[in-house]
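# Reading the structure
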Amino acid sequence: MGRRGRLAPTPTGLLHAGHARTFRIAADRAGAAGLVLRIEDIDGPRCRHEFVEAAIDDLRWLGFSWNEGPDVGGPHGPYEQSLRTDWFLEVWRLLEEAGAIYPSPHSRRDVEEAATAPHDNPAEPVFPPSLRPTHRERASAPGGVPWRFRVPDGRSIAFEDAVAGTVHRTAGIDFGDFVVWRRDDLPAYELAVVADDHAMEIDEVVRGEDLLTSTARQILIYEALGWGPPAWCHVPLVRDAAGRRLAKRTGGLAIRDLRAAGWTPDEVLARELPA
Ligand code: GLU
């Protein structure tokens, strides 16, 4: 029967061969349980409507289909996160009521100056506990400051991954208190993704292995909300001939470019990348 899955592209650029591979695995694993398409367009001006249209067009060309209709998303089929801010605010409220999050006005610079480097990602400093507030003030709205999730320092979070096996991350070492609500009054990725994977009754999350540490963060959010997490499947990232991961600048490996170069959908989905 399979497990209901999702395709969750962010429309800040064109889909590339790496997306095609991850989405093919997601579709295979979901089988008859099907997929939802969720456009993760909460990142304000960086998301562009032309990339939403290009993504839907590329996905259809590749042969993907997803559940559509009024029970799924908006009238146009896919979910668009930018239309779902009331739901994200509701989840912010649940986390605030649970005492799991706190307002954190500190600038990136404050954090970098006071932070220690995490084990696996020196680019992302661990938020220093010294910058936590000393007492809890209740709030009825985020109020134009970032909010962070307070992580249980030293706790090991373990989860089973269909590809990576048992994965461990330690709160306070591999990652620190993380942002769930942004200064510009938008939800941060970690909150929006948990809110929607829960609301959309996703059974298994299939995505790139670069999000393994995020999964540990997301498990803490599920716990704070009293929700059961989905199953996890993190797939290796596609790299270009020089070993760099494909990013928004895809250097000829955008699905668009492969289409223009005469590749068929099966070739894009099945073939290894050209050297
Ligand atoms: N929107 C994210 C991306 O395009 C995927 C996040 C997820 O699958 O949880 O990289």
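Residues numbered from 1 in each chain as written. Predicted model: local features only at pLDDT ≥ 70, side-chain atom pairs only at ≥ 80, totals over all residues. Heavy atoms only, no water.

### Examining the pattern of salt bridges
Pairs may arise between side chains of opposite charge once their charged atoms sit close together. The criterion, for reference: Every case where a carboxyl oxygen of Asp or Glu lies within 4 Å of a side-chain nitrogen of Lys or Arg is listed as a salt bridge.
By the definition in use, this model includes 22 salt bridges. Note that Arg38 and Glu40 form a salt bridge whose closest N and O atoms lie 2.9 Å from each other. Each member of the salt-bridge network shares a partner with another, and the members are Arg6, Arg38, Glu40 and Asp197.

### Section: unusual backbone geometry
Which entries qualify depends on this criterion: For the purposes of this entry, the term helix denotes a DSSP run of H or I that reaches at least four residues, the term strand denotes a run of E that reaches at least two, and both are numbered from the N terminus. Per-residue accessibility, obtained with a 1.4 Å probe over protein chains only, is compared with the maximum for each type, and a residue is labelled buried under 20%, exposed over 50%, and partly exposed between these values.
Even without a glycine there, the phi angle at Asp185 is positive, about 65°. Within the fold, Asp185 resides in the loop between strand 8 (178-181) and helix 5 (189-199). Looking at Asp185, the relative accessible area reads 42%, which means it is partly exposed. Not every positive phi belongs to a glycine, and Glu201 is a case in point at roughly 55°.

### Let's talk about helix 6 (residues 212-225)
Selection criterion: Helix span, expected: 1.5 Å multiplied by one less than the number of residues in the helix.
Between the first and last C-alpha of helix 6 there are 20 Å, a value that for 14 residues agrees with the 20 Å anticipated at 1.5 Å per step. The element helix 6 is extensively covered by neighbouring structure, given that 12 of its 14 residues are classed as buried. The set of residues buried in helix 6 consists of Leu212, Thr213, Ser214, Thr215, Ala216, Arg217, Gln218, Ile219, Leu220, Ile221, Tyr222 and Leu225. Backbone geometry just after helix 6 places Gly226 at a positive phi near 70°.

### Re the packing of helix 3 (residues 85-97) against helix 5
The condition is simple: Helix axes are fitted only over the stretch in contact, all axes being lines through C-alpha atoms; the angle between N-to-C directions runs from 0 to 180 degrees. The scheme is simple: roughly parallel for angles under 35 degrees, roughly antiparallel for over 145, roughly perpendicular for 65 to 115, oblique for anything else. Should any heavy atoms of two residues lie within 4.5 Å, those residues are counted as being in contact. Think of it as three bins: nonpolar holds Ala, Val, Leu, Ile, Met, Phe, Trp, Tyr, Cys and Pro, charged holds Asp, Glu, Lys and Arg, and polar takes everything else, Gly as well.
Packing of helix 3 against helix 5 leaves a shortest axis separation of 10 Å and a crossing angle of 105°. On the basis of the axis angle, helix 3 is roughly perpendicular to helix 5. The segment helix 3 lies against helix 5, with Trp87, Phe88, Val91, Trp92 and Leu95 engaging Leu191, Ala192, Ala195, Asp196 and Ala199. Within the contact of helix 3 with helix 5, the residues separate by chemical class into 9 nonpolar, no polar and 1 charged.

### What about the nonpolar core?
As a reminder of what qualifies: To form a nonpolar core, buried Ala, Val, Leu, Ile, Met, Phe, Trp, Tyr and Cys residues must be joined to one another through side-chain atoms within 4.5 Å.
If you look at the biggest cluster of nonpolar residues, it comprises 37 residues, and the most contacted ones within it are Leu95, Ile101, Phe149, Phe175, Val180, Leu191 and Ile221. Only helix 3, strand 5 (147-149), strand 6 (156-161), strand 8, helix 5 and helix 6 provide two or more residues apiece to this core. Discounting chain neighbours no more than four positions away, the residues touching Ile221 are Leu95, Phe149, Phe178, Val180, Glu190, Leu191 and Val194.

Geometric descriptors of this kind do not, in isolation, establish any biological role.
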